[in-house]
Amino acid sequence: MKIVDARVVVTSPGRNFVTLRIETDEGVTGLGDATLNGRELAVVAYLRDHVAPLLVGTDPHRIEDTWQYLYRGAYWRRGPVTMAAIAAVDVALWDIKAKVAGLPLYQLLGGASRERVRTYGHASGRDLPELFDAVRARLAEGYPAIRIQTGVPGLKLVYGVRSGALSARSVGPAVEDWDTAAYLRHLPAVCEAVRNEFGPDLPLLHDAHHRLTPSQAARLGKDLEPYDLFWLEDCTPAENQEGLRLVRRHTTTPLAIGEVFNSVFDYQTLVTEQLIDYVRSSVTHFGGVSPLRRLFDFAALYQIKSAVHGPEDISPVGMAAAIHLDLAVHNFGIQEYAGHTEATGAVFPHAYTFTDGYLHPGEEPGLGVELDEEAAAAYPYEPAYLPVNRLQDGTVHDW
Ligand SMILES: [Mg+2]
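Residues numbered from 1 in each chain as written. Predicted model: local features only at pLDDT ≥ 70, side-chain atom pairs only at ≥ 80, totals over all residues. Heavy atoms only, no water.

Within an unreviewed UniProt entry, the label attached to the protein chain reads Mannonate dehydratase, and the organism entered is Nonomuraea jiangxiensis.

Here it is in structure tokens:
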């Protein structure tokens, strides 16, 4: 079997998605997600101009060799653009291999380790009544665990929520404001109120979006212990992995990190020193199913669990790959699931299901996702940025 074509499809049914389609001489095709939110076209060029020409004529079954060829062969390693491009190739080749085998991908990853995949959903509100309403809405949808994000008194927007995600190129990214001291004072009261309203059993998560220093994160983790969070996410920027030692020394609140990571090396200290409880990378930004599976196996040695990043900007192709992996690995923790618009579902018909808050990849051979290119063509690329964040004196801060 030979690869005869590898092409990139960009579509924007509500938000931009970049999809790689690999075609073989035997008519079997595979899909991979290469969406890098806000920097989509960089990955398109990387795939179209530098990767696709290398794939034509090669054997699609040689997944590991192709991965190493693209990773080591480029000389330049790591980075989100490179790893999103390699991820798309890796996932498309797994899709082809599983289709040829006539099996859903999870079967090639060792088979199911569970019956279904537990998810968490997002609830956000500017104030407590709005947040409570959002939590009730997620519970009504069946979500068994919920991430709570809240407005902070004195700030204009609910932080960490993509309210400005689709701002047009002409005006640039939306600008949000931030006050760490106000946030640290406010959040424990919010968690207490949510606990009082919804009881002790509901797993609650919270995302600090990299906005704290290690000592601020340590204090927050300690302040939130009475409210028994499932995890505190991205409490401090983890380029400085050693910073997590300070956080860990001071709190038993579980810690989750990694949605902006794209290599196992980003996790080395965090995992070997057991400074975190969940690894949060996505299939799409971590180089594909192959390296993410290796990360989970590495993390398992230290009793750390998986929690694949799954916001709306992971396409149904990337989401399907995640769900197959979630079903197969032993140290699965939880899957973030934000769902997609109806238009996105029409562009990417898929076999995976979301039922009573749990996902299942379905039993179609391969990933179980198609790309309707005619439907995709009706939604051309739309320039869009993630928001940026500034302190009240104008200094740029983490978003
Ligand atoms: Mg996050």
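Back to the write-up after that little detour.
**Student:** Explain the overall build of the protein chain to me, and be specific about the residues and the numbers.
**Tutor:** In terms of regular secondary structure, the protein chain is built from 13 helices and 16 strands. Here the C-alpha radius of gyration of the protein chain, 21 Å, is about what a compact globule of 399 residues would show, namely 21 Å. Once the C-alpha set of the protein chain is aligned to its principal axes, its extents read approximately 60 × 50 × 45 Å. Counting over 399 residues, the protein chain shows a buried share of 56%. Excluding contacts between residues fewer than 6 apart, the proportion of contacts in the protein chain whose partners are at least 24 apart in sequence is 72%. Total accessible area on the protein chain stands at roughly 15,800 Å², and carbon and sulfur atoms take up 51% of it. Taken together, the 35 basic and 51 acidic charged side chains of the protein chain have centroids lying 5 Å from each other. (Helix = DSSP H or I, 4+ residues; strand = E, 2+ residues; numbered from the N terminus. Rg over C-alpha atoms; globule rule 2.2 N^0.38 Å. Buried < 20%, exposed > 50% of the residue type's maximum accessible area, 1.4 Å probe, protein only. Contact = heavy atoms within 4.5 Å. Areas by Shrake-Rupley, 256 points an atom, 1.4 Å probe, with all protein chains shown as cover. Lys, Arg positive; Asp, Glu negative; His and termini not counted. Charge placed at Lys NZ, Arg CZ, Asp CG, Glu CD.)

**Student:** Explain helix α11 (residues 316–328) to me, and be specific about the residues and the numbers.
**Tutor:** Along its 13 residues, α11 runs 18 Å from first to last C-alpha, staying within 8% of the 18 Å computed at 1.5 Å per residue. Counting buried positions along α11 yields 13 of 13 residues, so the element is predominantly enclosed. (Expected span 1.5 Å × (residues − 1).)

**Student:** Tell me about the coordination of the magnesium ion, residues and numbers included.
**Tutor:** Coordination sphere of the magnesium ion, protein contribution only: Asp207 (OD), Glu233 (OE) and Glu259 (OE), at 2.0 to 2.2 Å. Read N to C, the donor residues that coordinate the magnesium ion are spaced as D-x25-E-x25-E. Here Glu233, found in strand β8 (residues 231–233), pairs with Glu259, found in the loop between β9 (255–257) and α9 (268–272); they are 26 residues apart in sequence, far enough to count as distant. Glu259 matches Glu233 in its accessibility class, with the two residues each being buried. (Donors = N, O, S within 2.8 Å, 3.2 Å for Na, K, Ca; no water.)

**Student:** An account of the pairing of strand β5 (residues 146–150) is needed here, citing residue identities and associated values.
**Tutor:** Consecutive side chains of a regular strand alternate in pointing toward one face of the sheet and then the other. Judged by how many residues are buried, β5 sits mostly within the fold: five of five residues are covered. Burial along β5 is two-sided: Ile146, Ile148 and Thr150 and Arg147 and Gln149, pointing in opposite directions, are all buried. Pairing of strand β4 (residues 117–125) with β5 involves five bridges; the strand directions are parallel. Residue pairing for β5: Gly121 is matched across the bridge by Ile146. In terms of handedness, the path from β4 via helix α5 (residues 128–141) over to β5 forms a crossover that is right-handed. (Pairing = 2+ DSSP bridges. Right-handed = clockwise from strand over helix to strand, strands pointing away.)

**Student:** Break down the pattern of salt bridges for me, with residues and values.
**Tutor:** Per the stated rule, a full pass over the model turns up 21 salt bridges. Across the pair Asp5 and Arg7 runs a salt bridge whose closest N-O atoms are separated by 3.3 Å. Arg126 is the partner of Glu130 in a salt bridge, and the nearest nitrogen-oxygen pair spans 2.7 Å. You can call Arg126 exposed: its relative accessible area is 57%. Beyond isolated ion pairs, a larger network of salt bridges with shared partners links Asp5, Arg7, Arg21, Glu23 and Glu373. (Salt bridge = Lys/Arg side-chain N within 4 Å of Asp/Glu carboxyl O.)

**Student:** I'd like to hear about the layout of surface pockets, residue by residue, with values.
**Tutor:** The space that makes up the largest pocket amounts to roughly 860 Å³. Lining the largest pocket are 28 residues, and of these Asn37, His210, Val260, Leu386 and Trp399 sit closest to its centre. In the lining of the largest pocket, the residues fall into 13 nonpolar, eight polar and seven charged. (1 Å grid on protein atoms, 1.4 Å probe; cavity = no way out; pocket = protein on both sides within 12 Å on 5 of 7 lines; lining within 4 Å. Points joined across faces, edges and corners; volume = space filled by probe spheres on them. Nonpolar A, V, L, I, M, F, W, Y, C, P; charged D, E, K, R; others polar.)

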